[in-house]
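A look at the structure
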Amino acid sequence: MSQVSPQQVRDRALELIRHPDYLRLLGIAGLLGVPVSLVAFGFLAVLHAAEHQMWHTIPQHLFGGDQPPWWWPLPLLAVAGLGVGAVARWAPGHGGHTPVDGMGGPPPQPAELPWVLVAALLSLPLGAVLGPEAPLIAGGGGLALLAAHAFGVAPGSRRALIISGAGAAAAIAAIFGSPVVAAVLLIEMVQLSGAALSAVVIPCLLAAGVGAIVFTGLGLWSGLPIGSLSLPIPPGSVIRPDIADLLWALPVAVVAAVGIRLVRGLAKQLAPRVAARPLSATVLAALGVGVCASVYALLTGRSPAEVALSGQQTLAALAADPHAWPEAALVALVVFKGLGYALSLAALRGGPIFPAVSLGGILGVLAGPLPGFGAVPAMAAGMAAATVAMLPLPVSAVVLVVLLLGPLGFAMTPVVLIATVVAYMTEQLTEHGLNHSPLAP
């Protein structure tokens, strides 16, 4: 079988871009940014409201106090396991891909699309240690593919794949609160260059931009909370890292990369067993997540929600006041959230990115008191390292963490870059070992 050369790929891409139908393709991509962002906004609004009800309003109404009782995660995650297990056992598409496989594969077919969102809504607000990104990206791609058929785009064609990518890009922009993250993720995931990259990415950029505008406008109009990548770091924090921060970033990055590798390794061992017995094994795994959250609450006296859920709110609380957390509670949080993360990756439905960022931030707060280190550089190093270890896209990890750090992001760029490179190389060397250099003559 003859291979297609890079020049042939570029020539075909240029042919596509110069074709009159490409303008129609751009128009479809831009239009699709609107419905995808509407669906994303509705999904995230429902998710936020359900999470608040399950972990704040209902337990406060039933038991009083400012946090749920230690055993509260057990019934919630039992329901989550039963629901997700039933979807995985009987629904078309099994409720989407298992999160340990990454950000997802091909977009779901029309019959599978509703079950992707149902499985995510059964997992995320009830305590799964996962984020909303993977199901929404799959949903955006599937919705765009469905719309492409209505516009007369042939299923399975190159145009259909580009339209699906545009829908996924609009969803990424909504989830991460920035079309910049969508652009970088797509460019790094597509792994093309020149005209071939432009042919695929330009419609995606258009959809991401339109989707971000609509999503932000809906948030302002409705008053509901919308995505923001800026952590509430207190004023007066360190502005520029020094040599000690850069040196401490090295071991922090190695520890974060090894820790995430252990989590992912455990999840990969468990995932086939869950797939073999989707109903019973999913219930057991979900109950395991509940046990992790409950034991943490019993040992520390803190809220079990700090172990359950994606970790976005916990990370924000850490960034706002990193010195308010006892070291023993932080160690327990890393251990039990890491275990819950592994079980969730293997059995439930959601995305893998936000818990990794959260665990990296917790590790950074633990390392912050080291001599010459600071809380903000330590969090920057931990988040960057954990993100690239879970999502092996180094440029995307850098952009995501820099945006998370808000006004201090650019000042922390040296720490973020060093931690990203060290963690990425640690992960690659641990996974594949050393090979003879292809650069050698």
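Residues numbered from 1 in each chain as written. Predicted model: local features only at pLDDT ≥ 70, side-chain atom pairs only at ≥ 80, totals over all residues. Heavy atoms only, no water.

Section: the overall build of the protein chain
A count of helical and extended segments in the protein chain gives 16 helices and zero strands. In the protein chain, which comprises 441 residues, the proportion classed as buried is 52%. Of the contacts formed within the protein chain by residues at least 6 apart in sequence, a portion of 79% connects residues at least 24 apart. Of the roughly 19100 Å² of accessible surface on the protein chain, 69% is carried by carbon and sulfur atoms. (Helix = DSSP H or I, 4+ residues; strand = E, 2+ residues; numbered from the N terminus. Buried < 20%, exposed > 50% of the residue type's maximum accessible area, 1.4 Å probe, protein only. Contact = heavy atoms within 4.5 Å. Areas by Shrake-Rupley, 256 points an atom, 1.4 Å probe, with all protein chains shown as cover.)

Section: helix α5 (residues 133–150)
Under the 1.5 Å per step criterion, the end-to-end length of α5 is 26 Å for 18 residues, consistent within 8% with the ideal 26 Å. Burial of α5 is extensive: 14 of the 18 residues sit out of reach of the surface. (Expected span 1.5 Å × (residues − 1).)

Focus: the pattern of salt bridges
Per the counting criterion, the structure on display carries three salt bridges. The partner of Glu-427 in a salt bridge is Arg-261, with the nearest N and O atoms 3.5 Å apart. Linking Glu-427 in helix α16 (residues 413–432) with Arg-261 in helix α9 (residues 243–276), this pair joins segments that are 166 residues apart in sequence. Residue classification places Arg-261 among the partly exposed residues on the basis of a relative accessible area of 25%. Of the charged contacts in the structure, one is a salt bridge between Arg-302 and Glu-306, with a shortest N-O distance of 3.1 Å. Through salt bridges with shared partners, a single ionic network connects Arg-261, Arg-264 and Glu-427. (Salt bridge = Lys/Arg side-chain N within 4 Å of Asp/Glu carboxyl O.)

Points about empty space enclosed by the protein
The final tally for this structure, using the stated rule, is two cavities of 30 Å³ or more. The space that makes up the largest cavity amounts to roughly 50 Å³. In terms of lining residues, the largest cavity is bounded by Gly-95, Gly-96, His-97, Val-116, Ala-134, Pro-135, Ala-138, Arg-349 and Gly-350. Per element, the largest residue contribution to the lining of the largest cavity is three residues, and it comes from α5. (1 Å grid on protein atoms, 1.4 Å probe; cavity = no way out; pocket = protein on both sides within 12 Å on 5 of 7 lines; lining within 4 Å. Points joined across faces, edges and corners; volume = space filled by probe spheres on them.)

Here's the deal with the packing of helix α14 (residues 375–390) against helix α15 (residues 394–404)
Here α14 crosses α15 at 145°, and the two axes come no closer than 9 Å. Crossing angle aside, the handedness with which α14 passes α15 is right-handed. In contact with Ala-380, Met-383, Ala-384, Thr-387 and Val-388 of α14, α15 contributes Pro-394, Ala-397, Leu-400, Val-401 and Leu-404. Residue classes in the contact of α14 with α15 are distributed as nine nonpolar, one polar and no charged. (Axes fitted to C-alpha atoms, helices over the stretch in contact; angles between N-to-C directions. Left-handed = near helix turned anticlockwise from the far one by under 90°. Nonpolar A, V, L, I, M, F, W, Y, C, P; charged D, E, K, R; others polar.)

Thoughts on the nonpolar core
In this structure, Phe-176, Ile-260, Tyr-341, Leu-345, Met-383, Leu-405 and Val-416 are the most contacted members of the largest nonpolar core, which totals 113 residues. Among the elements that make up this core, the one with the highest residue count is α14 (twelve residues). Formed by 13 residues, the second largest nonpolar core is a distinct cluster that contains Leu-26, Leu-32, Leu-145 and Ala-148. (Core = buried A, V, L, I, M, F, W, Y, C linked by side-chain atoms within 4.5 Å.)

Re a nonpolar patch on the surface
Taken together, Leu-62, Phe-63, Trp-70, Trp-71 and Leu-298 make up a surface patch of nonpolar side chains, about 520 Å² in accessible area. Note that Trp-70 resides in the loop between α2 (20–63) and α3 (73–90). (Patch = residues over 30% accessible without salt bridge, like charges linked within 9 Å, V, L, I, M, F, W, Y side chains within 5 Å.)

Considerations on the packing of α9 against helix α12 (residues 327–347)
Two quantities define a packed helix pair, namely the angle between the axes and the distance from one axis to the other. Interhelical geometry of α9 versus α12 gives an angle of 40° and a closest axis separation of 7 Å. One way to sum up the angle between α9 and α12 is to call them oblique. Of the two elements, α9 crosses α12, and the hand of that crossing is right-handed. Note on element contacts: α12 touches α9 through Gly-338, Leu-339, Tyr-341, Ala-342, Leu-343, Leu-345, Ala-346 and Ala-347, opposite Ile-260, Val-263, Leu-266, Ala-267, Leu-270, Ala-271 and Val-274. For the contact of α9 with α12, the per-class residue count stands at 14 nonpolar, one polar and no charged. (Parallel < 35°, antiparallel > 145°, perpendicular 65-115°, else oblique.)

Considering the side chain of Ser-358
Here Ser-358 is to be found in helix α13 (residues 353–367). In this structure Ser-358 comes out as buried when scored by relative accessible area, which is 1%. Once you skip the residues sitting within four places of it in the chain, Ser-358 turns out to touch Ser-310, Gly-311, Leu-315 and Lys-337.

A word on the environment of Ile-362
Inspection of the secondary structure puts Ile-362 in helix α13. Judged by its relative accessible area of 0%, Ile-362 is buried. The spatial distance from the C-alpha of Ile-362 to the C-alpha of Val-331 is 8.6 Å, given a sequence separation of 31 residues. What Ile-362 contacts, discounting residues up to four positions off in sequence, is Leu-318, Leu-330, Leu-333, Val-334 and Lys-337.

What to know about the packing of aromatic side chains
Applying the stated criterion across every chain, the model contains five aromatic pairs. Seen in terms of ring centroids, Phe-63 and Trp-71 are 5.4 Å apart; in terms of plane orientation they differ by 85°. Their pairing is edge-to-face. Judged by relative accessible area, Phe-63 falls into the partly exposed class, the value being 42%. Put simply, the rings of Phe-63, Trp-71 and Trp-72 pair up and form one aromatic cluster. If you follow Arg-302 out to its NZ or CZ, it ends over the ring of Trp-325, 4.1 Å from the centre. (Phe/Tyr/Trp six-rings, centres within 6.5 Å; stacked < 30°, edge-to-face > 60°. Lys NZ or Arg CZ within 6 Å of the ring centre and 35° of its normal.)

Focus: the environment of Ala-91
Note on placement: Ala-91 falls in the loop between α3 and α4 (113–123). Spatially, the C-alpha atoms of Ala-91 and Pro-114 are 9.7 Å apart, while their sequence positions differ by 23 residues. Beyond its immediate sequence surroundings of up to four residues, Ala-91 is in contact with Ala-86 and Trp-115.

Details of unusual backbone geometry
Backbone geometry at His-94 places phi at a positive 60°, although glycine is not the residue there. Here His-94 is to be found in the loop between α3 and α4. A relative accessible area of 46% places His-94 in the partly exposed class.

From the geometry alone we can't say anything about function, so treat these as descriptive.
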